[in-house]
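Residue-level listing of the chains:
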Amino acid sequence: MAPEACLTHTVRVALTLNAQRVIRDVDLVARAGLDLDTFLTEVLTSISRVVPHVGTCVATVDPSTLLLTSTHKFGDLRGRDERDHEFGIIEYGDPEASSFVELAHRAVPAMAVHAQDPGSYRVNEFMRPLFGYHDELRVVLRDGGQVWGAVALFRQSEDPYFDDHDVELMAALSESLSVGLRSGLLTSVTTALPAAAVGPAVIIVGSDDRIVQMSAGAELRLRDLMTSEDGTSPAGIVGSIVGGARRFAAGQAAHPPRCRVRGRSGMWLVLHATPLTARDGSSGSEVVVTIDEARPPEIVPLVVAAFGLTQRERDITQLVLQGMDTKEIAASMHLSTYTVQDHLKSVFSKAEVRSRRELIARIYFDQYVPRMGMDIGPTGWFAATQ
């Protein structure tokens, strides 16, 4: 065997061992119960040793809609938020083969854009001229059939393109990264903004994609959507849902977009976007965005999904929250009491609690305490007042 061949084989073996080490490290960190920022910093440091890149964007998405809920930027991208709104329009307004929504439904959750979507408008007409990036490696973060986020790694023109080995590694990390991300969402505690009852907020976005009007309280809601203490703009979140509304207006989507986002105050918020219609029935270019507090039917499925529960475990958790005992749950679901107890043990393990009381308390402190002080409405839920 020629010396060059031996050297190539040796390098590939070393890279493979390094990749395996990164996979083990990321899986370990994902299960350490770290807050989101610490988790991302740790794992991206490990990944960069095997997949070099100059910039990273980590996005969280609403698992029920795949719409963007926050972004976290590292490396060359840190602090560069001025184009977030435009990015949201591109990402969701006219999805490409490499869009996160499309990638979420593929068997392989990762993609090197230059190799697999060379005509990408996002890379060729947006990322390259504005940021100097000529290739992007994308991976959606999914486990248990749900997508919780996505990661985009970028390389500049003087760097080599991402290759199949890079894609294979990031695809192998998808599940662990998803576990760590949703764990970080549950364990992160933020006190930057106090909970406030401001009622539904309405924002009108014009044809130039700028906010032209907003209702009282809308500014406070937008501040709650900022993803960091340094005032990161919520434009990417609003831009993504506006892009979805434009797709609906063009007949490219069956329903207007809707997503759930956890604000910095700890509240879950629901965002809707709908294109405005003229009196003659024609669809105009303006989009109305509504931001409101999530009610219990919105919150509970998202919270129990974050624990990684199976559908049967979610159903049982819903009944526990309604105050049913084991016999009542068994009768309601046509199960034996022993089967219900087995499911409850699994729920407690996944939620890292030891009893029904602790399970209810976790959801209580996570979702209800931030709203304390508000009046109670006729439905039994907190009344939103101006």
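Residues numbered from 1 in each chain as written. Predicted model: local features only at pLDDT ≥ 70, side-chain atom pairs only at ≥ 80, totals over all residues. Heavy atoms only, no water.

1. Some points on the overall build of the protein chain
Thought 1: Along the protein chain, the regular secondary structure elements total 14 helices and 10 strands.
Thought 2: Here the protein chain, with 386 residues, has 48% of them falling under the buried criterion.
Thought 3: Counted over contacts in the protein chain with a minimum sequence separation of 6, partners at least 24 positions apart contribute 63%.
Thought 4: Accessible surface, the protein chain: about 18,600 Å² in total, of which carbon and sulfur atoms supply 53%. (Helix = DSSP H or I, 4+ residues; strand = E, 2+ residues; numbered from the N terminus. Buried < 20%, exposed > 50% of the residue type's maximum accessible area, 1.4 Å probe, protein only. Contact = heavy atoms within 4.5 Å. Areas by Shrake-Rupley, 256 points an atom, 1.4 Å probe, with all protein chains shown as cover.)

2. Some thoughts on the pattern of salt bridges
Thought 1: For the structure shown, the criterion picks out 12 salt bridges.
Thought 2: Among the ionic pairs, Arg 138 bridges to Glu 136, the shortest N-O distance being 2.6 Å. You'll find Arg 138 and Glu 136 in the same group, each marked buried.
Thought 3: Lys 350 is the salt-bridge partner of Glu 313, the closest N and O atoms lying 2.9 Å from each other. Of this pair, Glu 313 sits in helix α11 (residues 311-321) while Lys 350 sits in helix α13 (residues 337-351), and the two are 37 residues apart along the sequence.
Thought 4: Among the residues examined, Glu 313 registers a relative accessible area of 4% and is labelled buried.
Thought 5: It is possible to trace a salt-bridge network through shared partners that takes in Glu 91, Glu 96, Arg 122, Glu 136 and Arg 138. (Salt bridge = Lys/Arg side-chain N within 4 Å of Asp/Glu carboxyl O.)

3. Structural notes on the packing of aromatic side chains
Aromatic ring pairs: the centre-centre distance and the angle between the two ring planes describe each pair.
Thought 1: One pass over the structure, following the stated rule, counts 3 aromatic pairs.
Thought 2: Centroid distance Phe 131 to Tyr 133: 6.0 Å. Interplanar angle 10°. Geometry classified as stacked.
Thought 3: Where Tyr 133 meets Phe 154, the ring centres are 4.8 Å apart and the plane angle is 20°; that geometry is what we call stacked. Here the residue Tyr 133 occupies a position in strand β4 (residues 133-143), and Phe 154 occupies one in strand β5 (residues 146-156), the gap between them amounting to 21 residues.
Thought 4: Take Tyr 133: its relative accessible area is 0%, and that puts it in the buried class.
Thought 5: Here the aromatic residues Phe 126, Phe 131, Tyr 133 and Phe 154 are joined through ring pairs into a cluster of three or more.
Thought 6: The positively charged end of Arg 138 is found above the aromatic ring belonging to Phe 100, 3.7 Å away from the centroid. (Phe/Tyr/Trp six-rings, centres within 6.5 Å; stacked < 30°, edge-to-face > 60°. Lys NZ or Arg CZ within 6 Å of the ring centre and 35° of its normal.)

4. Looking at the nonpolar core
Thought 1: If you look at the biggest cluster of nonpolar residues, it comprises 43 residues, and the most contacted ones within it are Leu 225, Leu 271, Val 289 and Ile 291.
Thought 2: Core analysis: the second largest hydrophobic core is formed by 32 residues, Leu 40, Phe 74, Leu 153 and Leu 169 among them. (Core = buried A, V, L, I, M, F, W, Y, C linked by side-chain atoms within 4.5 Å.)

5. Quick word on the pairing of β5
Thought 1: Among the 11 residues of β5, 10 are classified as buried, and the element is accordingly described as predominantly covered.
Thought 2: Here strand β1 (residues 55-61) runs beside β5; their pairing, made up of 6 bridges, is antiparallel. From the neighbouring strand, Val 58 faces β5, where its bridge partner is Val 151.
Thought 3: With 10 bridges joining them, β4 and β5 adopt antiparallel strand pairing. Bridge pairing in β5 links Glu 136 to Phe 154.
Thought 4: Counting the residues between successive antiparallel strands, the hairpin from β4 to β5 contains 2 residues, one of them, Gly 144, with a positive phi of roughly 60°. (Pairing = 2+ DSSP bridges.)

6. What about the sheet that holds strand β2 (residues 68-75)?
Thought 1: Taken together, the 5 strands give an open sheet; going across it, the order is β2-β1-β5-β4-β3, and neighbouring strands pair in antiparallel fashion. In this open sheet, the two strands that pair with only one neighbour each are β2 and β3 (110-112). When strand polarity is set aside, the average angle formed by the axes of neighbouring strands in this sheet is 15°.
Thought 2: With 3 bridges connecting them, β3 and β4 associate as antiparallel partners. Each bridged residue has a counterpart across the sheet, and for Met 111 the counterpart in β4 is Arg 138.
Thought 3: Its contacts with the sheet place helix α2 (residues 36-50) against β1, β2 and β5, and it is angled at close to 50° to β2.
Thought 4: Seen against the sheet, helix α6 (residues 121-131) touches β4 and β5 and runs at an angle of roughly 115° to β4. (Axes fitted to C-alpha atoms, helices over the stretch in contact; angles between N-to-C directions.)

7. Re the environment of Tyr 161
Thought 1: Inspection of the secondary structure puts Tyr 161 in the loop between β5 and α7 (164-187).
Thought 2: Judged by its relative accessible area of 38%, Tyr 161 is partly exposed.
Thought 3: Considered as a pair, Tyr 161 and His 134 are 27 residues apart in the sequence and their alpha carbons are 7.9 Å apart.
Thought 4: Leave out the neighbours within four places in its chain, and Tyr 161 touches His 114, His 134, Asp 135 and Arg 155.

8. Examining the confidence of the model for the protein chain
Thought 1: Of the residues in the protein chain, 77% reach a pLDDT of 70 or more, and the chain-wide mean stands at 80.
Thought 2: Taken element by element, the protein chain is modelled with least confidence in helix α10 (residues 296-306), mean pLDDT 64, and with most confidence in β3, mean pLDDT 96.
Thought 3: Segment residues 189-197 is flagged for pLDDT under 50; beyond a separation of four residues in sequence, or across chains, it makes 23 contacts in the model. (pLDDT = per-residue confidence, 0-100.)

9. Here's the deal with empty space enclosed by the protein
Thought 1: Per the counting criterion, the structure on display carries 6 cavities of 30 Å³ or more.
Thought 2: A volume near 210 Å³ is recorded for the largest cavity.
Thought 3: For the largest cavity, the lining is made up of 19 residues, of which Cys 57, Lys 73, Asp 84, Phe 87 and Met 127 are closest to its centre.
Thought 4: Residue classes in the lining of the largest cavity are distributed as 11 nonpolar, 2 polar and 6 charged. (1 Å grid on protein atoms, 1.4 Å probe; cavity = no way out; pocket = protein on both sides within 12 Å on 5 of 7 lines; lining within 4 Å. Points joined across faces, edges and corners; volume = space filled by probe spheres on them. Nonpolar A, V, L, I, M, F, W, Y, C, P; charged D, E, K, R; others polar.)

10. Side note on α6
Spacing of three or four residues puts side chains on the same side of an α-helix, whose turn is 3.6 residues.
Thought 1: Looking at α6, one finds that the buried residues are Arg 122, Val 123, Phe 126, Met 127 and Phe 131. The buried residues of α6 occupy an angular sector of 120° when projected down its axis, which confines them to one face.
Thought 2: Capping the start of α6, Ser 120 holds a side-chain oxygen 3.4 Å from the backbone nitrogen of Arg 122, two or three residues further along. (Arc of directions from axis to C-beta. Polar contact = N/O pair within 3.5 Å; in protein donor to acceptor, adjacent residues only side chain to side chain.)

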